[in-house]
Every structure is written in structure tokens, then in C-alpha cells.
Amino acid sequence: MKSCFYVFIMLLLCFSCEESNMQSVIFVETEQELFNAIKNANPGDLITLKNGVWKNVEIAFRGNGTKETPICLQAETPGKVFIEGVSNLEISGNYLEVNGLFFRNGYSPSENVIAFRTSKKEVANHSKVTNCVILGFNNLKRDEDNLWVQFYGKHNELSNCYIAGKTNGGPTVRVDLKGNQSIRNFHKIINNHFGPRPRKGGARGETIQLGSSFTSMSPSNTLIANNLFEKCNGEVEIISSKTNFNIIRNNVFYKSEGSVVTRHGNYVSIEGNYFIGDGENENYGGIRIINTGHWVTNNLFYKIKGKNFRSPIAIMNGIPKSPLNRYNQVTDVVVAYNTFVDSDSPFQFGVGQ
């Protein structure tokens with residue numbers, strides 16, 4: 001009898017554990033149902049938006065999942081849930097995931113289309129936006145700057161997304177380091193396709209900006225890897241690294257008028273990237289180096305015809321006692337094992353002198 005009792009208890013515990021790990025699918029068809037589902041969400045819940053157009057919806061996705069059971073906000077069918085009109089998405093909490101949304105035919109009422117925070121104090125950690133699209137989601141006034149995706153908090157991810165067609169000012173993606181809650185963040189920007197961005201003219205047209213000159217001495221530890229940058233022509237900097245200890249690895253820059261730039265900050269690793277030009281356009285650039293401690297290794301430059309600022313590898317000229325927003329001297333940098341194919345000016349030293 002005692003043995004049977006122990007077996008019964010073990011079976012009961014097993015079934016209880018299975019039941020507690022079961023995901024709850026919550027199907028929503030209206031904005032109010034969506035807000036109620038978010039408000040009452042528990043770890044492991046899958047909040048599923050009905051296929052179709054969701055217009056003029058401002059989503060504040062707050063919640064606390066766990067590593068094993070995140071809370072997921074997902075499309076019924078990825079790519080068939082369209083967010084249109086005056087709409088945006090804000091995320092705060094822990095272990096949240098957004099999957100399969102398509103932003104089009106509209107613009108954001110706030111600074112961001114997608115923000116990893118819902119207020120200055122409420123940020124996201126260990127959260128992910130994946131398999132989403134932002135296409136031409138521009139402000140009505142072209143001279144009004146905004147950012148399409150802005151990172152706050154720590155250990156967040158943007159992955160497997162298609163983002164294209166930004167015409168107004170402001171970086172497409174920016175990592176913000178204001179406040180201790182966002183320093184040493186270890187964010188990941190991986191496996192995305194950054195599609196065409198037209199020439200903006202002047203500054204503030206980066207595809208990715210990591211920090212700012214004011215936080216340039218802070219560690220970010222952001223990873224940018226395995227992305228395709230196609231015709232990203234917003235300005236002379238495609239990626240502007242303005243913080244410390246970032247990794248830019250295994251990306252493809254295809255016919256993009258600009259460069260990867262260690263604009264401020266130190267100890268950036270730029271490795272295994274492909275820069276592909278057409279052998280004619282001198283605006284296609286490579287890597288521009290400023291500051292100290294970087295490793296630039298195993299990159300391929302194919303038919304990059306840029307010179308000076310847009311040379312495959314451009315070593316900037318520093319200025320004495322440089323303020324944070326200018327150009328520090330290049331020191332203690334390793335540039336090794338890079339390959340140049342049909343590129344007229346592989347190295348330029350003292351650029352900007």
C-alpha cells in the first residue's frame with residue numbers, strides 16, 4: 001500500500017507540473033480585448049492578434065514572464081496582422097516577446113515606432129521583437145525626426161525583421177544608454193534585413209546608432225551580427241558606434257552609401273563583414289576608425305571605390321584634447337587579415353586632416 005501511495009503522489013506531481021507549464025492561448029479581435037489580455041497576462045500566455053488591419057492602436061505591452069515561459073504577443077499568421085494609422089508599440093517588463101507584426105501605412109504618435117520602454121522608469125529586459133516588418137512608417141512631416149526602434153534596458157533583441165523605407169530624419173535603430181538600467185546592456189541586433197533607405201542629406205540618417213557622444217565612455221556590449229544592409233544610403237554612417245565594447249560581426253553591406261564608423265567610444269570588434277560595391281559608385285564605403293582599442297579583422301571589401309572618408313579602411317585624424325563630440329586620436333588598434341578586391345584606395349591615413 002505504501003508503494004502504491006508513493007506512485008500516486010509522483011504521478012500527481014508530474015501532472016501538476018505539466019499543467020503549470022501549459023501555454024494559454026488568448027485570441028483577441030478588438031483593441032479592448034487586446035488591452036485586457038495584456039493587463040491580465042501570466043507567464044506562458046500567447047496573446048494572439050486576429051489577422052487583418054489594426055488601425056490607430058497604441059500598444060503598451062507590459063508584463064513579467066520568465067525565461068522558460070515568456071509572455072508572447074503574436075500575429076495569428078505572421079505578416080498578416082497589419083498595424084496602420086497612428087500606431088506604435090511600447091514594451092516594458094521582463095521576458096516578453098513580440099512576433100509577426102507588420103507596420104505599414106501610418107506613422108507613430110511618439111518618438112518611436114517600437115520602444116523597449118513604456119516610461120522613463122519602466123524599461124524592458126530579456127525581451128524580443130522578432131519576425132516583424134516596419135515598411136515606410138514615416139511621419140507626415142519629413143523634417144520631423146523620430147526613431148523606428150529604440151532600445152532601453154538590458155538583454156533585449158531585434159531579430160529576423162525587415163525594416164525599410166525610412167525617409168525622415170533620425171536613426172532607424174538606436175541603443176540608448178541613459179541611466180544605469182541601460183548601461184552594459186548586451187542587446188542583440190541579429191539576422192535582420194535592413195532594406196533601402198534613401199539619401200537624407202546631412203547627419204541623423206544612420207541605420208543603427210549605438211549611444212551618443214554624451215554616453216560614449218560607457219560600456220554597451222551590443223552585438224550586431226548576421227544582418228543584411230541593402231542600399232542603406234541615409235548618410236555617411238551606416239552604423240555609428242558611440243559606446244564601448246560593441247561587436248559588429250558577419251554582416252553584409254550591399255551597395256550602401258556609407259561606412260561602419262567607430263565614431264566615439266573604444267574597444268569595438270569589427271570582424272568577418274562583407275562590403276560589396278559595384279566598382280563605380282564612390283559613395284560606397286567601408287570602415288572608418290576613430291578612438292582606441294578596436295580590432296578590425298577578416299573583413300572583405302569587394303569593388304569598393306570610395307576614397308578618403310569612404311575608403312575601405314579610413315583612419316581618421318584626431319585633434320588635440322578632443323571634446324566628446326569630436327575626433328580622438330586612433331591608438332592601439334589592430335587591423336589585420338582583411339581582403340581587398342578591386343578597390344582603389346584600401347587604406348587612407350589621417351583622413352580629415
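Analysis parameters
- Residues numbered from 1 in each chain as written.
- Predicted model: local features only at pLDDT ≥ 70, side-chain atom pairs only at ≥ 80, totals over all residues.
- Heavy atoms only, no water.
- Helix = DSSP H or I, 4+ residues; strand = E, 2+ residues; numbered from the N terminus.
- Rg over C-alpha atoms; globule rule 2.2 N^0.38 Å.
- Buried < 20%, exposed > 50% of the residue type's maximum accessible area, 1.4 Å probe, protein only.
- Contact = heavy atoms within 4.5 Å.
- Lys, Arg positive; Asp, Glu negative; His and termini not counted.
- Charge placed at Lys NZ, Arg CZ, Asp CG, Glu CD.
- Core = buried A, V, L, I, M, F, W, Y, C linked by side-chain atoms within 4.5 Å.
- Pairing = 2+ DSSP bridges.
- Polar contact = N/O pair within 3.5 Å; in protein donor to acceptor, adjacent residues only side chain to side chain.
- Axes fitted to C-alpha atoms, helices over the stretch in contact; angles between N-to-C directions.
- pLDDT = per-residue confidence, 0-100.
- Phe/Tyr/Trp six-rings, centres within 6.5 Å; stacked < 30°, edge-to-face > 60°.
- Lys NZ or Arg CZ within 6 Å of the ring centre and 35° of its normal.

Draft legend 1. Representation of the overall build of the protein chain within the structure. Scanning the protein chain for helices and strands turns up 2 helices and 35 strands. For 353 residues, the compact-globule estimate of 2.2 N^0.38 gives 20 Å, and the protein chain sits close to it at 23 Å. Expressed along its principal axes, the backbone C-alpha trace of the protein chain runs to roughly 85 × 55 × 35 Å. A burial count over the protein chain gives 52% of its 353 residues as buried. Within the protein chain, counting contacts between residues at least 6 apart in sequence, those at least 24 apart form 73% of the total. Both charge centroids of the protein chain, one from 36 positive and one from 31 negative side chains, sit 6 Å from each other.

Draft legend 2. Representation of the nonpolar core within the structure. Core analysis: the largest hydrophobic core is formed by 63 residues, its most contacted members being Leu-34, Phe-61 and Val-149. Among residues more than four places away in sequence, those in contact with Leu-34 are Val-28, Ile-47, Leu-49, Trp-54, Val-57, Ile-59 and Leu-73. Of all hydrophobic cores here, the second largest spans 6 residues; its members include Val-261, Ile-290, Met-316 and Val-351.

Draft legend 3. Local environment of the sheet that holds strand β6 (residues 81-86). Spatial strand order, β3-β6-β9-β13-β16-β19-β22-β25-β28-β31-β34: 11 strands in an open sheet with parallel pairing. With one partner strand each, in any of the chains shown, β3 (52-55) and β34 (339-341) form the two edges of the open sheet.

Draft legend 4. View of the side chain of Asn-185. Along the chain, Asn-185 falls in the loop between β17 (173-175) and β18 (188-190). A distance of 3.0 Å separates a polar atom in the side chain of Asn-185 from the backbone nitrogen of His-187.

Draft legend 5. Layout of the sheet that holds strand β24 (residues 247-249). Strand order in the open sheet formed by 12 strands is β1-β2-β5-β8-β12-β15-β18-β21-β24-β27-β30-β33, and the pairing between neighbours is parallel. Every other strand in the sheet has two partners, leaving β1 (25-28) and β33 (334-336) as the edge strands with one partner each. Direction aside, the axes of adjacent strands within the sheet are offset by 10° on average. Pairing of β24 with strand β27 (residues 269-271) involves 3 bridges; the strand directions are parallel. Looking at the pairing, Arg-249 lines up with Glu-271 of β27. With respect to the sheet, helix α2 (residues 31-39) is in contact with β1, β2 (46-49) and β5 (71-75), its orientation differing from that of β1 by roughly 155°.

Draft legend 6. Geometry of the confidence of the model for the protein chain. Here the protein chain averages 92 in pLDDT, and 94% of its residues register 70 or above. Taken as a whole, residues 4-21 scores under 50 in pLDDT and shows 0 contacts with residues more than four places along the chain or in a different chain.

Draft legend 7. Fine view of the packing of aromatic side chains. Overall, the coordinates contain 11 aromatic pairs when judged by the stated rule. A ring pair is formed by Phe-103 and Phe-137, whose centres lie 5.7 Å apart and whose planes are at 80°; its orientation type is edge-to-face. Here the residue Phe-103 occupies a position in strand β9 (residues 101-107), and Phe-137 occupies one in the loop between β13 (133-135) and β14 (147-151), the gap between them amounting to 34 residues. Aromatic pair Phe-340 and Phe-347: ring centres 5.6 Å apart, planes at 55°, arrangement tilted. Take Phe-340: its relative accessible area is 26%, and that puts it in the partly exposed class. Aromatic rings pair up to connect Phe-194, Phe-229, Phe-253, Phe-275, Phe-301, Phe-340, Phe-347 and Phe-349 into one cluster. Above the ring of Phe-82, the side-chain terminus of Arg-104 is found at 3.6 Å from the ring centroid. Just above the ring of Tyr-327 sits the side chain of Arg-263; from NZ or CZ to the centre is 4.0 Å.

Draft legend 8. Examining unusual backbone geometry more closely. Even without being glycine, Asn-226 reaches a positive phi, approximately 60°. Inspection of the secondary structure assignment puts Asn-226 in the loop between β21 (223-225) and β22 (228-230). Exposure remark for Asn-226: the relative accessible area of 41% places this residue in the partly exposed category. Its identity is not glycine, yet Asn-308 carries a phi of approximately 55°, on the positive side.

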